[in-house]
Structure formats: C-alpha cells, structure tokens
Amino acid sequence: MPHILIAGKLHPAGLARLGTAPGFTHRLIEEVSLESFLPHLPEADALVLRTQPLTQATIATAPQLAIVSRHGVGYDAVDVKALSARRIPLSIVGDVNSRAVAEHTLMLMLGVARRAAAHDHAVRTGAWNVRNRFETVELDGKTLLLVGFGRIGRRVAELARAFGMAVMAYDPVVTPDMMARHGVKPTTDLHKALAAADYVSLHMPGSPKGALIGRDELAVMKPGAIIINAARGGLIDELALDAALRGGKIRGAGLDVLESEPPPADHPLLNNDRVLISPHAAGLTDECAARMAVASVQNVIDHFAGKLDPALVVNAGDIGYRR
C-alpha cells in the first residue's frame, strides 16, 4: 500500500480525492520547512511537494521514494538530476494555474499604476488629498513587454489587449509567427524592447545564470516604467530594483515572487512604497488551489496505476518514463 507524504498545506479538494482512491495511506505536514517533513521521508513512497526545496541530500533520506509530484509547474528548487539518478519521476500539474497567474499579473499592474496600496493607506490615515498629486497612470494606450510567452504570457497578452494596450513579446524559444498569431509584436532585442515599454511583465523560468533584469536592464527602461514579476524569484536583481525605484529611474514594481521567501525583515523592498508585494500567491485562488491539489494527488495515483501522462513528467526523457 503506497504511502504518500504531503509536504505543505493542501486544499481540501486534494485530500478528498485521496479519500476516494483506495489503496493509499498519507501523512499531511502543513508546516513549510525541511525540518517538518524530513523525519517522515524514509517511509514515503510518494512525495507531494509544495514550495520546499528538495536537494540531493534530502532525496537520499527517502529510500522508498518512487515519485515526486510538484503542487505547481515550477521546479527550480528540486534537484532533478538527483531524482533522475534514481529513476524517480518528477511530475508537475500542467496547465491549471495560467489564468489565475495572468489575472494576478494584471492586478499587480493596475495596483502599481493606480498606487492602490499607498492610496488605501492614505485614506485610512486622513491624507485624503493624496488624490491631487496626479501620480497614477493608465494602462490604456501603453506598451506592454512580455518577457516570456508561454501559456501565462499569452493569457496576459489577451487581458492586456482588452485594456487597450499594445503588446510586445521577447522569448528566445517561441517563434515570431506564434507571437503574431496572438496579436503580439515579436522582438529579439531585449534591451531595445525594455527601452520602448511602459510596462514589463516577466514570465520566464528561473536561471542558474542569475538575474535576467539587473542594473543594466533597469538603466535602459523608461523613467515612468513599471515592472512586474509573478514568475520566479531571482529574475530581478532586487537590490538594483530598490535603487532604481528610490532614484526615480522607474515608476514602480509589482512582485509576487522574491529571491528569498519569506523575505528577511530588513529587506529594503519591504519599506519601499513604490513596490506592491504579494506572498507568492498568484496561483493560489481557491479555485486554482483546488485544481493544483487534485492534479498533484492524481499524478501520484496515476503513477502507481501505470497511467501517468509522460507529458507531465519533467524528467521523462532522462529516465525513459512511458505509460
């Protein structure tokens, strides 16, 4: 009887799906820390993983482990090579969160452009006349640069056009024809595109090479530009961003992800009122959390039934994973 270890809080819909799948036992560890779930790994045949890192050393403590199922689509913090060395599949949930993340991206764009958090605070503290600073801006008629044009980027483009925006996209692995079919102007020169954009939204995976947007990239952006990151922490050099915002180099930033999560209490962006920050929650609407929970559990069930779709297995080619 396979035993499933669930590392991180799971939406009740996922637990309900487990309840209808006979032949499994499970243990849920809601606390998000290595120390909380590490003692239970030796007995785990499957691991449903939220946001915790999974290193080679951690994997080595799980001799029975047969599958790791990510509660999401990212796996930057998982040592895929270590899993592949033991022929352990790493599954992801597929396209269940793109619309939720795209909506959140637009929320951040609007929130920064309209100074939503700062104005809310002003009203609550009696500074009603903040309205007369004329410091907010619109989306309509502005140019949005999407850095990354996968499922989420394409949905953001669709929503942005509904707000009257012109959309450009930069993505080395997506063809210009594909972008054009979605009504988006392709660009191959990131710096040139950054200089032309009023809004920049990141939708790329993380990279071991470091920040995609650093001091040089921020320097070429428009002084009134707004940058959004609801993709991966580390894509933006956060200290360089803080300096660019405080120096008036760009107007504002909306971040759902940070390099270190949660951030340290003395992180400079936390007391920068030109930044709107959410707690890596873009894909955690009630509806999306339910879809991810069910999908991540279903991947485990399907694996042991020999029915897991190889398209959902990140390292399928490396381990010869087939139905």
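Here the structure is a predicted model, which means the values were calculated and not measured.

Definitions and limits used
Residues numbered from 1 in each chain as written. Predicted model: local features only at pLDDT ≥ 70, side-chain atom pairs only at ≥ 80, totals over all residues. Heavy atoms only, no water. Helix = DSSP H or I, 4+ residues; strand = E, 2+ residues; numbered from the N terminus. Expected span 1.5 Å × (residues − 1). Buried < 20%, exposed > 50% of the residue type's maximum accessible area, 1.4 Å probe, protein only. Polar contact = N/O pair within 3.5 Å; in protein donor to acceptor, adjacent residues only side chain to side chain. Contact = heavy atoms within 4.5 Å. Pairing = 2+ DSSP bridges. Axes fitted to C-alpha atoms, helices over the stretch in contact; angles between N-to-C directions.

Engineer: Any chance you could explain helix H5 (residues 98-113) here in plain terms?
Structural biologist: Every α-helix winds through 3.6 residues per turn, so residues three or four apart in the chain are directed the same way. For H5, built from 16 residues, the straight-helix expectation of 22 Å at 1.5 Å per residue is met to within 8% by its first-to-last C-alpha distance of 22 Å. Along H5, twelve of the 16 residues are buried, which leaves the element largely enclosed by surrounding structure. Within H5, the full set of buried residues consists of Ser-98, Ala-100, Val-101, Ala-102, His-104, Thr-105, Leu-106, Leu-108, Met-109, Gly-111, Val-112 and Ala-113. Directly after H5, the chain includes Arg-115, whose backbone phi takes a positive value near 55°.

Engineer: Could you clarify how one ought to interpret the side chain of Ser-278 in this entry?
Structural biologist: Residue position: Ser-278 is located in the loop between strand E12 (275-277) and helix H12 (286-304). Take Ser-278: its relative accessible area is 12%, and that puts it in the buried class. Here the side chain of Ser-278 touches Asp-256 through a polar contact of 2.6 Å, side chain to side chain. Contacts of Ser-278, omitting those with residues within four sequence positions, involve His-104, Leu-108, Leu-255 and Asp-256.

Engineer: Got a minute to help me understand the sheet that holds strand E2 (residues 25-29) in this structure?
Structural biologist: Within the open sheet, the five strands sit side by side as E2-E1-E3-E4-E5. Their pairing is parallel. Every interior strand has two partners, whereas the edge strands, E2 and strand E5 (90-91), have only one. Across two bridges, the pairing between strand E4 (residues 67-70) and E5 is parallel. In the strand pairing of E5, Val-68 is matched with Leu-90. H12 rests against strand E1 (3-7), strand E3 (46-49), E4 and E5 of the sheet, and its axis sits at about 155° to E4.

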